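# Structural overview for review
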Amino acid sequence: MTENPRTRETRPAASASAPEGRPAQGKVRTTGPAQVRPATEGWTQQKDAEGRPLLQFASPKRGKPPVHLADLTPDERVEKVKELGLPGFRAKQLATHYFRHYTSDPAHMTDLPAGIRDDLVAGMLPPLMTEVRRLETDRGDTIKFLWRLHDGALVESVLMRYPGRITLCVSSQAGCGMNCPFCATGQAGLTRNMSTAEIVEQIVRANRLIAEGGLGGKKSDDHSMERVSNIVFMGMGEPLANYKRVMDAVRIMVAPQPEGLGMSARGITVSTVGLVPAIKKLADEGIPVTFALSLHAPDDHLRDELIPVNSRWKVDEALDAAYNYYEKTGRRVSIEYALIKDMNDHAWRADLLAEKLNQRGRGWVHVNPIPLNPTPGSIWTSSEKDVTAEFVRRLNDAGIPTTLRDTRGKEIDGACGQLVATTEDEAASAAMA
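Cut-offs and rules
- Residues numbered from 1 in each chain as written.
- Predicted model: local features only at pLDDT ≥ 70, side-chain atom pairs only at ≥ 80, totals over all residues.
- Heavy atoms only, no water.
- Helix = DSSP H or I, 4+ residues; strand = E, 2+ residues; numbered from the N terminus.
- Buried < 20%, exposed > 50% of the residue type's maximum accessible area, 1.4 Å probe, protein only.
- Contact = heavy atoms within 4.5 Å.
- Areas by Shrake-Rupley, 256 points an atom, 1.4 Å probe, with all protein chains shown as cover.
- Pairing = 2+ DSSP bridges.
- Axes fitted to C-alpha atoms, helices over the stretch in contact; angles between N-to-C directions.
- pLDDT = per-residue confidence, 0-100.
- Phe/Tyr/Trp six-rings, centres within 6.5 Å; stacked < 30°, edge-to-face > 60°.
- Lys NZ or Arg CZ within 6 Å of the ring centre and 35° of its normal.
- Core = buried A, V, L, I, M, F, W, Y, C linked by side-chain atoms within 4.5 Å.
- Patch = residues over 30% accessible without salt bridge, like charges linked within 9 Å, V, L, I, M, F, W, Y side chains within 5 Å.
- Salt bridge = Lys/Arg side-chain N within 4 Å of Asp/Glu carboxyl O.
- Lys, Arg positive; Asp, Glu negative; His and termini not counted.
- Charge placed at Lys NZ, Arg CZ, Asp CG, Glu CD.
- Parallel < 35°, antiparallel > 145°, perpendicular 65-115°, else oblique.
- Left-handed = near helix turned anticlockwise from the far one by under 90°.
- Nonpolar A, V, L, I, M, F, W, Y, C, P; charged D, E, K, R; others polar.

## Considerations on the overall build of the protein chain
When helices and strands are counted, the protein chain shows 11 helices and 13 strands. When burial is assessed residue by residue, the protein chain has 54% of its 433 residues classed as buried. Counted over contacts in the protein chain with a minimum sequence separation of 6, partners at least 24 positions apart contribute 68%. Approximately 18,800 Å² of the protein chain is accessible, and the part contributed by carbon and sulfur atoms is 50%.

Below you can see the structure in the form of structure tokens.
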């Protein structure tokens, strides 16, 4: 055993007979907080036939959403317009309205002949999402949207104004199939993948609201030129389990206007719980998005329980893939780590995380600890402030840049891990149908 004189918490010495992060047989911890094991409270975790947490990588089959302008390449848009019996140049006009002016309303498209507007919009910009509910913080600088998709599936996105930037947290799936016990989104399982256009539509609708002055700030200011500057794929779903549609959406985000939204790839963050083959594929895309790995435990013994996909790809495999992303893109990787009281916040785990990251090099990674956000039915809670500070200090002292993340939106259940369609949401959606 080794002991930290600052906290008097013991850490198990490395042992071939003991799983990493667990005391060797016969060793008992006598100081420091007890180890709390992951368990589900208030819901029953889905299991497979062998009793292991169920992982859903494939989307259940449901009716596909209508084909939308944002599902098509520029050339495909031209062909689609021609199929509607109109000249191909109308496709660029329509894209300008959608990607630059953020509208699908034919009444605003005065450069199109009045006689064709409605049919053109119906054929190229079919409705994808209906707003069911909108929750705002007191200052109005954070807004959570509940959207109803064409088949009744419910998803959420969160819009946040920060000094100098506006961030939108987007969903990539309705529900999630990764079955992590501390995340509300995964408790109901995966409903389906979202289409490329459904992902993009979240940004277009947010940009429209911003331009109309609906996101905090001074009401007297001109917001017409403001728009979403940063995207985080940290809403509902595991983005890399919906790989093709997510990447098609990213390509539209970074394409110059009016072919796309004209955003910077560096302002887009794609996160994953650790789908290693997809991480490797992402590194070869040639699009320098920010990559974030949701790790939450540096030892396989605990991460197997916290993040069920760890049964497929272990901690070191996920970290190797993350480091490969850095090597191929030159983009620093983010490690997301939800701090859960007495479960994964032990000081020795901070040391182990630092060791594993430094083994792969210096300057390639940044750690974002996140105080756990409460979810319905769970007794888990965030770490104590002094424990959080010690965790962050140890990482920084080991040369790992570490920043405690702002938990914006917690009061409206819009923070990380809180996005979920509730019974109340489903009732509100049904009333609108």
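And the narrative resumes.
## Some words on the sheet that holds strand β6 (residues 165-169)
What holds strands together in a sheet is hydrogen bonding between their backbones, with the strands either parallel or antiparallel. Taken in spatial order, the 9 strands make up an open sheet running β3-β4-β5-β6-β9-β10-β11-β12-β13, and their pairing is mixed. This sheet does not close on itself; its edge strands, each paired only once, are β3 (129-136) and β13 (365-371). On average, each strand axis in the sheet is inclined to that of its neighbour by 20 degrees, with strand direction left out of account. Of the strand pairs in this sheet, strand β4 (residues 142-149) and strand β5 (residues 154-162) are connected by 7 bridges, and their pairing is antiparallel.

## Observations regarding the confidence of the model for the protein chain
When pLDDT is averaged along the protein chain, the result is 88; 84% of the residues meet or exceed 70. For residues 1-30, every residue scores under 50 in pLDDT, and the model assigns this stretch 54 contacts once sequence neighbours within four places are set aside.

## Points about the packing of aromatic side chains
This structure, assessed with the given rule, holds 7 aromatic pairs. Their ring planes at 70 degrees and their centres at 5.1 Å tell us that Y98 and F99 sit as a pair that is edge-to-face. Residue classification places Y98 among the buried residues on the basis of a relative accessible area of 0%. A connected cluster of aromatic rings, assembled from ring pairs, spans Y323, Y326 and W364. Over the ring of Y162 we find R165, and its NZ or CZ is 4.1 Å from the ring centre.

## Topic: the nonpolar core
Membership of the largest hydrophobic core comes to 107 residues, with the highest contact counts inside it found for L159, V228, I231, F233 and M253. Ranked by the residues each element gives to this core, the list is headed by helix α4 (residues 196-211), at 8 residues. In this structure I231 touches L168, V170, I203, M253, M263, G267, I268 and T269, once residues within four positions along its chain are discounted. Residues V158, Y162, C169 and V232 belong to the second largest nonpolar core, which totals 7 residues.

## Looking at a negative patch on the surface
A surface patch of negative charge is lined by D75, E76, E79, E83 and E259. Position of E76 relative to the elements: it lies in helix α1 (residues 74-83). Look at E76 and you get partly exposed, because its relative accessible area is 39%.

## Overview of the packing of α4 against helix α5 (residues 243-254)
One way to put it is that α4 packs onto α5 with a least axis distance of 8 Å and a crossing angle of 45 degrees. On the basis of the axis angle, α4 is oblique to α5. Considering only the axes of α4 and α5, their crossing is right-handed. Only R245, V246, D248, A249, I252 and M253 of α5 make contact with α4, whose side of the interface consists of T196, I199, V200 and I203. Within the contact of α4 with α5, the residues separate by chemical class into 7 nonpolar, 1 polar and 2 charged.

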